[in-house]
Amino acid sequence: MGKTYAAGLFAALASAKFGTETAYADGGGGGGFSFSPFSTSSNKVPSAPADVPQPPQPAAAATPEPPPKVRNDNPRTTSAGFDPEALERGAKALREINSSKSAKQVFEVIKKQEDTRQVELTAKMQEFKALQAQAETERQRVIYDEQKKLAQQQAQIKSQMARYEDELARKRMQAENEHHRARNQELVKMQEDSALRQEAARRATEEQIQAQRRQTEREKAEIERETIRVRAMAEAEGRAHEAKLAEDVNRRILVDRANAEREKWVAAINTTFDHIGGGFRAILTDQNKLVVAVGGVTALAAGIYTTREGARVVWSYVDRILGQPSLIRESSRGKYPWSGFFSRAMSTLSKGANGGSASKSEKGFGDVILHPSLEKRIQQLANATANTKSHQAPFRNMLFYGPPGTGKTMVARELARRSGLDYALMTGGDVAPLGSQAVTKIHQLFDWSKKSRKGLLLFIDEADAFLCERNKTYMSEAQRSALNALLFRTGDQSKDIVLALATNRPGDLDSAVADRIDEVIEFPLPGEDERFKLIKLYLERYIAQAGERKPGFFSSLFKKQQQKIEIKGLTDDILREAAARTGGFSGREIAKLMASVQAAVYGSEDCVLDPNLFREVVDYKVAEHQQRRKLAAAEGDK
């Protein structure tokens, strides 16, 4: 009993001590847990063993408790609430325990109690730390989710801002484009109005000039006709008078001269035949001379025949090795390598002799009259080809297509000349007759073309003759092989050869051939202005210059003087009328028209070209052209 009482007192003392500390802690924390000074922990103190004597109850326990004092909730600010009675009871209980025999067991019980409480506190602390770690993890997850949502919102806002800025930029560019388009339309309209005004002023000025020129030409023609008539009359009278005076004298002189010439030729012939007869008599009378003469003539004939045949064989071999390929119809290069020197020398001499005409031919395209836009395109293509050669870049292949007689071949020749290249012309119809030799000839052609130091423009006229679609039933195996050979040689861009094809039917070309083409140029039929220029060109060539003779000694000796054509009353208005009536004519047909005019003039009695004769020939050729078109349409319908 005494031991139990001592243990209870010690527990009360410890509880009082811990309660005081808790009270102080509670007072400092401002709320939380509050313990009674003598309250025990939640864990019950194990009961003392039965053999432990319980300490006797003190007499003071029976005394009535003093009235409770007021608790001080703020022990750090004041000491008015301190109760020393519990401390005194604890000290008294401690003294009793110390004087008791079971003090050691009491202390061990108290120690076990304290260890158990420490273990519980540690377990609670670990549980609190786990809860704290879980709370921290939850807090980090919440922070991550919030950051992720914030990043998504920022990305969405950024994309919306980008779309909005892009929309603003697109609207701004659209507004600027609309503004520029409207401004360009205004500028184009102003330029068109200005061009129309300038064209009207130019036409008015040109018509006035033409009217004045026609008036001047009419007056000049009247004066010249009167002058020629008066001069002719005077010259005729003078010649008649002189002829009458010198007729007898000239007759006698001519008779004497003819007699002397006849006697001289008769004497020469007699002497020649006497010498020939004497030689034959000497050979026939002497057998040795006869044998020698016959043997010499036979040997001479055999030597001439052998030399001729040997030279022919050697020359054919040289021509096959060094000459140009047989497919070439025309070329600016010489037939043999050494012929380039002579051609350059002759071209230099001709340029020196005809400097004015050479400089004049640099403008335009010679016999080809093209539409201004097409002529500009060809000029740009010539400049680009020349620059390509100077920069060692690969050439661009071309395709010329259009109706027959529109100047495709002449433009190709002029394009090569202006680009500084050699040119070679072949026709597609020459490939089919070669048969199995076509492939070899095409390879020889390309090998020969690559030898040009300046570069070569290879122009293939009527290209659809052997470059048509390979699935055609009428295409032979040789033609298909020739097409494959050309495709093989043109598979890559070349720095030596410009391939120019001309055809009237571009749709018939093989797709692989069309794939090799870089520039496609259409040559349409000439318009009215182009036809007027062509008529003037061929009028100057076939009519005005028909009686002129080229300078030269032999031409003046052996060629008969051609009668000069006189042109009367053929004005530009009549030529423009003819140009308007010849709609649908090609350049070749206009050249044939002017050749027909020349033939009609030569067929007349006085060799004079007047408006009536010119209109008559034009009417005939226009009717012939329309008849041909009707026949072609009828055949097409069949």
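Residues numbered from 1 in each chain as written. Predicted model: local features only at pLDDT ≥ 70, side-chain atom pairs only at ≥ 80, totals over all residues. Heavy atoms only, no water.

By the naming in an unreviewed UniProt entry, the protein chain goes by 26s protease regulatory subunit 6a-like protein and is assigned to Nicotiana attenuata.

Q: How should I be thinking about the overall build of the protein chain in this particular structure?
A: When its secondary structure is counted, the protein chain shows 16 helices and eight strands. Split into buried and exposed, the 638 residues of the protein chain put 24% on the buried side. Within the protein chain, contacts between residues at least 6 apart in sequence are counted, and of these 78% link residues at least 24 apart. Working note: accessible area of the protein chain is about 44100 Å², and carbon and sulfur atoms make up 57% of it. (Helix = DSSP H or I, 4+ residues; strand = E, 2+ residues; numbered from the N terminus. Buried < 20%, exposed > 50% of the residue type's maximum accessible area, 1.4 Å probe, protein only. Contact = heavy atoms within 4.5 Å. Areas by Shrake-Rupley, 256 points an atom, 1.4 Å probe, with all protein chains shown as cover.)

Q: Just to check I follow, could you spell out the packing of aromatic side chains for this structure?
A: How two aromatic rings sit relative to each other is set out by the distance from centre to centre and by the angle between their planes. Under the counting rule described, the total for this entry stands at three aromatic pairs. Note on F400 and F459: the rings are 6.4 Å apart at their centroids and 40° apart in plane angle, and the pair reads as tilted. Of this pair, F400 sits in strand β2 (residues 398-401) while F459 is found in strand β4 (residues 456-461), placing the two residues 59 residues apart along the sequence. The pair F400 / F459 is uniform in exposure class, with both members buried. (Phe/Tyr/Trp six-rings, centres within 6.5 Å; stacked < 30°, edge-to-face > 60°.)

Q: In this structure, what is going on with the environment of R417? I would like to understand it.
A: Along the chain, the position of R417 falls in helix α8 (residues 408-419). Sequence spacing of R417 and A382 is 35 residues, and the spatial spacing of their C-alpha atoms is 8.8 Å. Polar contacts involving the side chain of R417 include one to the side chain of E414, which spans 2.2 Å. (Polar contact = N/O pair within 3.5 Å; in protein donor to acceptor, adjacent residues only side chain to side chain.)

Q: Help me understand unusual backbone geometry, please; the structure alone is not making it clear to me.
A: Even without a glycine there, the phi angle at Q392 is positive, about 55°. Along the polypeptide, Q392 turns up in the loop between α7 (372-390) and β2. Owing to a relative accessible area of 49%, Q392 belongs among the partly exposed residues under this scheme. Phi angles above zero are rare outside glycine, and E462 is one such case at about 50°. Residue position: E462 is located in the loop between β4 and α10 (477-489). Residue classification places E462 among the partly exposed residues on the basis of a relative accessible area of 32%.

Q: Got a minute to help me understand the packing of helix α12 (residues 528-544) against helix α15 (residues 587-603) in this structure?
A: What describes two packed helices is the angle between their axes and the distance between those same axes. It is the contact of α12 with α15, at a shortest axis distance of 9 Å, that shows an interaxial angle of 40°. The orientation of α12 with respect to α15, classified from their angle, is oblique. Crossing handedness for the pair α12 and α15: right-handed. Taken together, the residues of α15 that come into contact with α12 (itself represented by R531, L534, I535, Y538, L539, Y542 and I543) are G587, I590, A591, M594, A595, V597 and Q598. (Axes fitted to C-alpha atoms, helices over the stretch in contact; angles between N-to-C directions. Parallel < 35°, antiparallel > 145°, perpendicular 65-115°, else oblique. Left-handed = near helix turned anticlockwise from the far one by under 90°.)

Q: Sorry, what's going on with the pattern of salt bridges here?
A: For side chains bearing opposite charge, pairing can occur when the charged atoms are close. A complete count under the given rule lists 28 salt bridges for this structure. Note that E136 is salt-bridged to R139, the shortest N-O span being 2.4 Å. Of the two residues, E136 and R139 are both situated in helix α3 (residues 103-285); the distance of three residues between them amounts to about one turn of the helix. The network of salt bridges with shared partners includes E199, R202, R203 and E206. (Salt bridge = Lys/Arg side-chain N within 4 Å of Asp/Glu carboxyl O.)

Q: Can you walk me through a nonpolar patch on the surface in this structure?
A: On the surface, I276, F280, L284, L290 and V294 cluster together into a nonpolar patch covering about 480 Å² of accessible area. Residue assignment for the nonpolar patch shows that the elements contributing at least two residues are α3 and α4 (287-322). With three residues, the top contributor of residues to the nonpolar patch is α3. By relative accessible area, F280 is classed as exposed at 54%. (Patch = residues over 30% accessible without salt bridge, like charges linked within 9 Å, V, L, I, M, F, W, Y side chains within 5 Å.)

Q: Just to check I follow, could you spell out the nonpolar core for this structure?
A: Generally speaking, nonpolar side chains in soluble globular proteins are found buried as a group. Counting 31 residues, the largest nonpolar core has V431, I442, L458, I460, F466, L467 and L501 as the members making the most contacts within it. When sequence neighbours within four positions are dropped, the list of residues in contact with I442 reads L327, V431, F466, A482, A485 and L486. If you look at the next biggest cluster of nonpolar residues, it comprises 27 residues, including A578, A579, I590 and L613. (Core = buried A, V, L, I, M, F, W, Y, C linked by side-chain atoms within 4.5 Å.)

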